Each structure stands twice: as structure tokens, then as C-alpha cells.
Amino acid sequence: MALFLFTALAAPHQVALAQNPEEQTQSKSADTIRPRLYLSADKISFIKSRFEQPPYSKFWQFVKAKADQYVNEPVTAKSMEKEIIRSLGDRIPYMAMAYLLTGRETYLAGTRRLMNVLCAYPDWDGNRDLGAAHLLFGMSVAYDWLYGEWTQEERARFRATM
């Protein structure tokens, strides 16, 4: 939750002034402007330029610690149980944010691996509680944030799953 609160509040006034929305929509269609959930290219640039300075450094340490923990953590049959499944959806945005801020392929690979595992989860429709909501939230955020990194086939699979 802290990750999204931070991204939503990160320099909103500087970012809003940095672009003219009318010019943006004239130069690109709404379908090609990515990311658009919680972040923009300007917000990413703003955070990258300051993530080694307080208070952003504290945020970055938190995100990096989470991403480093999740990036190679195996997903087991036990973690796919309904009671635990929601934590898997929560992992994805940390790795996606770490990739956006560093460009390190290991974070992209971890995000890709987990999203593909979740696409194989058989019970999204039958899981109508918070577990499914967390999976959908994590996957939709990463789908948007890393849109340009996904292949056409991955995009189609992720959309079909969500």
C-alpha cells in the first residue's frame, strides 16, 4: 500500500505542470500513453532523479528490499492456496517499480515469471474475494507500467487472464 500512496503523491504539482494534457492527447492516442496507472513517464523521471535523496531514499530502500526478496522467491503449490494467493499479487508491483527505477533485467524477469505463473492459476473466477482482487491489481499495474516490455503474446495472455 505504501508503494501506491507514494507513487500517487510523488510530486503531483511538478508533474502536472510538466505536461500540457491537450498537447499530449493530440500527439498520442490514449491507448499509447503508458504508463497511466498511478504513474506517468514524468513521475518516473522525477522519482529516478531523487530516489537517492530523502525522503525518496527511504521509499527506494523499502521497494528494493521487497523486490530483492520476491525476485527469485519460488512460487510453490502452498503459495497458490486461496488463503495465501493474495500475497502473490502484492509482490508484482514492487518488482515492476524496481525495474522502472533501475532498468535491471532481473526485476523484469521476476515480474514476468510471477505474472506467467499467475496466468496458470486455475481458480480466478472461483476466487471472488480479496485474493483475486490482489492478483488483478498487481497484474494490471505491472501490465500497464511495463507495457512496452511485454511481447504481443504476453499482452494477450495477461489481458485474457485479467
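Cut-offs applied
Residues numbered from 1 in each chain as written. Predicted model: local features only at pLDDT ≥ 70, side-chain atom pairs only at ≥ 80, totals over all residues. Heavy atoms only, no water. Helix = DSSP H or I, 4+ residues; strand = E, 2+ residues; numbered from the N terminus. Buried < 20%, exposed > 50% of the residue type's maximum accessible area, 1.4 Å probe, protein only. Contact = heavy atoms within 4.5 Å. Areas by Shrake-Rupley, 256 points an atom, 1.4 Å probe, with all protein chains shown as cover. pLDDT = per-residue confidence, 0-100. Core = buried A, V, L, I, M, F, W, Y, C linked by side-chain atoms within 4.5 Å. Patch = residues over 30% accessible without salt bridge, like charges linked within 9 Å, V, L, I, M, F, W, Y side chains within 5 Å. Salt bridge = Lys/Arg side-chain N within 4 Å of Asp/Glu carboxyl O. Phe/Tyr/Trp six-rings, centres within 6.5 Å; stacked < 30°, edge-to-face > 60°. Expected span 1.5 Å × (residues − 1).

### A closer look at the overall build of the chain
For the chain, the helix and strand inventory stands at nine helices and zero strands. In the chain, the succession of helices and strands from N to C terminus is α-α-α-α-α-α-α-α-α. The burial tally for the chain puts 42% of its 162 residues in the buried class. The long-range fraction of contacts in the chain, counting pairs at least 24 apart against all pairs at least 6 apart in sequence, stands at 72%. For the chain, the computed accessible surface area is about 8900 Å², with 56% contributed by carbon and sulfur atoms.

### Describing unusual backbone geometry
Each neighbour pair has its own omega, and for Pro 54 with Pro 55 the value is 0°, a cis peptide bond. Locating Pro 55 in the fold gives a position in the loop between helix H4 (41-50) and helix H5 (56-71).

### Points about the confidence of the model for the chain
Per-residue pLDDT for the chain has a mean of 79; in total, 73% of the residues score no lower than 70. Per-element confidence in the chain is highest for helix H7 (residues 105-119), whose mean pLDDT is 95, and lowest for helix H2 (residues 12-18), whose mean pLDDT is 42. Low pLDDT, under 50, characterises residues 12-30; the predicted model gives this stretch 12 contacts beyond four residues in sequence or across chains.

### Quick word on the nonpolar core
Counting 40 residues, the largest nonpolar core has Met 115, Leu 118, Trp 145 and Leu 146 as its most contacted members. Those elements giving two or more residues to this core turn out to be H4, H5, helix H6 (85-102), H7 and helix H8 (130-145).

### Thoughts on a nonpolar patch on the surface
Residues Leu 37, Tyr 38 and Phe 137 make up a contiguous nonpolar surface patch of about 240 Å² in total accessible area. Tracing the chain through its elements places Phe 137 in helix H8.

### Overview of the packing of aromatic side chains
Under the definition given, this model contains six aromatic pairs. Here Phe 51 and Trp 60 contribute two aromatic rings whose centre-to-centre distance is 5.0 Å and whose plane-to-plane angle is 85°, an arrangement assigned as edge-to-face. Overall, Trp 60 belongs to the buried group, its relative accessible area being 10%. Ring centres of Phe 62 and Tyr 94 lie 5.9 Å apart, and the angle between their planes is 75°; this geometry places the pair in the edge-to-face category.

### Describing the environment of Met 97
Note on placement: Met 97 falls in helix H6. Along the chain, Met 97 and Val 63 lie 34 residues apart, while their C-alpha atoms are 7.5 Å from each other.

### Here's the deal with H6
With 18 residues, H6 should reach 26 Å at 1.5 Å per residue; the first-to-last C-alpha distance of 27 Å fits that figure. Burial of H6 is extensive: 14 of the 18 residues sit out of reach of the surface. At the exit of H6 stands Gly 103, carrying a positive phi of roughly 75°.

### Some points on the environment of Ala 96
Take Ala 96: it is sitting in helix H6. The exposure class of Ala 96 is buried, given its relative accessible area of 0%. Considering only alpha carbons, one finds Ala 96 and Gly 138, 42 residues apart in sequence, at a separation of 9.5 Å. Not counting residues within four places of it along the chain, the set of residues in contact with Ala 96 comprises Thr 111, Ala 142, Trp 145 and Leu 146.

### Quick look at the environment of Trp 150
The topology assignment puts Trp 150 in the loop between H8 and helix H9 (152-161). Residue classification places Trp 150 among the buried positions, given a relative accessible area of 3%. Trp 150 sits 38 residues away from Arg 112 along the chain, and the two C-alpha atoms are 8.4 Å apart. Ignoring sequence-local partners within four residues, the contact set of Trp 150 consists of Leu 108, Thr 111, Arg 112, Met 115, Ala 142, Tyr 143, Arg 155 and Phe 158.

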